[in-house]
Each structure stands twice: as C-alpha cells, then as structure tokens.
Amino acid sequence: MDFGESSTGAADDVDAREAFDLLGHDIRLEILLALLEDWLAAHTKPKSYAELMDAVGMEDSGKFNYHLDKLRGVYVRQVEDGYVPTASATALYRAVLAHRPTDSVAVDQTLSTATCPACGAEPQLRYDRGFVTVDCPDCSEWEGFTYPFPQNGFERHNSEQLLAAVSERVRHEVGLARTGQCPACAGPTTVDLRPEQVEDDGWIELACDSCTFVVGVDPLTALLTDDRVGAALREIGLDPLGHDWERPDSQPSVSSRDPPRLSVTVTGPSGTVTLTLTGDLEFEAIDTE
Ligand SMILES: [Zn+2]
Ligand SMILES: [Zn+2]
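Rules used in this analysis
- Residues numbered from 1 in each chain as written.
- Chains lettered and ligands numbered in written order.
- Predicted model: local features only at pLDDT ≥ 70, side-chain atom pairs only at ≥ 80, totals over all residues.
- Heavy atoms only, no water.
- Salt bridge = Lys/Arg side-chain N within 4 Å of Asp/Glu carboxyl O.
- Buried < 20%, exposed > 50% of the residue type's maximum accessible area, 1.4 Å probe, protein only.
- Donors = N, O, S within 2.8 Å, 3.2 Å for Na, K, Ca; no water.
- Tetrahedral: all angles 85-135°; square planar, octahedral: opposite > 155°, others 65-115°.
- Helix = DSSP H or I, 4+ residues; strand = E, 2+ residues; numbered from the N terminus.
- 1 Å grid on protein atoms, 1.4 Å probe; cavity = no way out; pocket = protein on both sides within 12 Å on 5 of 7 lines; lining within 4 Å.
- Points joined across faces, edges and corners; volume = space filled by probe spheres on them.
- Nonpolar A, V, L, I, M, F, W, Y, C, P; charged D, E, K, R; others polar.

Once that is clear, we can look at the pattern of salt bridges. Summed over all chains, the structure comprises 10 salt bridges. Between R126 and D135 there is a salt bridge whose closest N-O contact spans 2.5 Å. Overall, the relative accessible area of 33% leaves R126 in the partly exposed class. Take D135: its relative accessible area is 17%, and that puts it in the buried class. The salt bridge partner of D192 is R194, with a shortest N-O separation of 2.9 Å. Relative accessible area serves as the criterion here: at 28%, D192 is assigned to the partly exposed category. One salt-bridge network, in which partners are shared between bridges, spans D192, R194 and E205.

Here is the structure:
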C-alpha cells in the first residue's frame, strides 16, 4: 500500500489560496480561536459582538469589525444571538491540530508482535513527514506499507498500538474511498483500475477528484469493510480484521478489459473465495468453494 500527494487543479488553487489568505492576520486567527473555544457542533452557543471583541482583547471596534467582516460567510456566520464558527473553520482547526508542526515525533522501532511475510524478521515501524511506514529491515522481498497518520495520534500509542491504530484508519478510509466518497473532503472518488498495474503490482488506485487524497492498495484491502467480503473470508478461515500482510496473497487479475472486470482470489485454511468486480469495484459475484 502506498500513498502519495496529487496536485489540485487550477480552480481549486484559487479557492484554496483565498481561504488561506483570509487567515493571514493575527486578529482574524484570534477571532476564530475565540469562537472555537466553546465549539459544540451545530449546538454551539453564539458569542455576541461584545463578548467576541472582549475575548480577542480588542478595543478598536472599527479595526475589529474590519477583520470580523473578512471572516464572515467563510469561517464565521452571523446568527440571531451573535457569531458562530462555520464547519470550514472547525475542519481547518482539526487539520492544524492533527499535524501541528511544533511537536516533532521520531519513531523507529521494531514490531515484536509482527513478522515479515517473506523472511520472518520483525518488521520496522518508522514515522517521517507525517507518514507511517512498516517494512522489513532484513529483506526487500516484502514492500510493507506507507500511510499518512496525524502526529496527534502518537500521544497515546506505543508502536504496537500505533500499528493497530494505523491499520484501523486504513480500513475505514480506504473502505470509504472505495464506496465513492473521499474520507478527507467527502468529494467523489475515482477508481483507477489500470490492467497493467493490477497484473504487475496487484494494485488499484483510489483518488479523490477534488483534494489530494490518493491511495494505491490491493483490491481485497479496499473491500474489507464490506459485510459480504468479511463473511466470505471468515467462512474460509481468515480474519478480515487481521493485518493485510498476514493473509495469504490474494491474486487480482483482469478478467475483462472492456467492460473492465477484476477477479480476486484468496485461499484460506478451509476454502477459496473468488470476488468478481466491475471497474467501479461493485460486486458482480462472490463465490466460495
Ligand atoms: Zn523480510
Ligand atoms: Zn477529497
């Protein structure tokens, strides 16, 4: 599994630039932080103009009003009893909190409860640039995986718990992306099912049409949140919640190019499951033998 960064289109850049630009002032940031202090989702109690001005510690109402006005409609909404932050403001706040650059995390540890599927060595877990990487220190047979994980998640995790947390995140995010919804921005996602890539690497790519979310993943991992796949794997004696490298290799193949059809076969201790999928990863058939 791998995760890169794609670039956004020109239209998105303009919007993103304006959104960033609005925050380029201390007073505006103070206003947002003051509004977010008592955030209770849709139930957030509005702050009055006077309360807000007081919270920001400003006495010049002309200047205060100028900056409040800039934020209004984008990050701040005026309601009957005052002002509330918008969902955009909270989303931005969460992103900054998740990846706040002041706390640096250095992780380079051996995972004593896991083994490399190729050579049996204990895998290595590393963290760099916001990505968790698990791979083998002893061989290059197993490529392991890399996935983004917010620094904020490190506060309560040792490396084994961290691995479980990353795996859970991958399952949810990739599962959501596979259903056509971007886990980061809720925009539509597209499945890129290049036959050569499926045949060479066993990978498909799920990418958001509007933000930078993109993930390369084996088709079975993308389907694990589907009840039918979970049930079929259990039926042949495999744990759908186990780490993906602990399962026997699932062999994806392109059974038809036009229309695109993908076939995924995995063999467990008590049988074989074959999934037949359309180009959008919809099920055409699930067969268990
Ligand atoms: Zn190895
Ligand atoms: Zn997105």
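Anyway, onward from the coordinates.
Bringing the coordination of the zinc ion (ligand 1) into the picture now. Coordination of the zinc ion (ligand 1) by the protein comes from C116 (SG), C119 (SG), C136 (SG) and C139 (SG), over a distance range of 2.2 to 2.4 Å. One can describe the site at the zinc ion (ligand 1) as tetrahedral: its four donor atoms subtend angles covering 103 to 113° at the metal. In primary-sequence terms, the residues that donate to the zinc ion (ligand 1) follow C-x2-C-x16-C-x2-C.

Note on the zinc ion (ligand 2): its protein donors are C182 (SG), C185 (SG), C208 (SG) and C211 (SG). The metal-donor distances range over 2.2 to 2.3 Å. As a motif over one chain, the donors of the zinc ion (ligand 2) read C-x2-C-x22-C-x2-C. In this pair, C182 is assigned in the loop between α6 (159-178) and β7 (189-192) and C208 in strand β8 (residues 204-208), connecting sequence segments 26 residues apart. Given the relative accessible area of 8%, C208 is considered buried.

The next point concerns the layout of surface pockets. The space that makes up the second largest pocket amounts to roughly 620 Å³. Along the walls of the second largest pocket sit 24 residues, with E143, D201, W203, D218 and D249 positioned nearest its centre. Those elements that place two or more of their residues in the lining of the second largest pocket are α7 (195-201), α8 (219-223) and β10 (251-257). At four residues, α7 tops the list of elements feeding residues into the lining of the second largest pocket. In terms of residue class, the lining of the second largest pocket is made up of 10 nonpolar, five polar and nine charged.

Worth remembering: the numbers are spatial, not functional.
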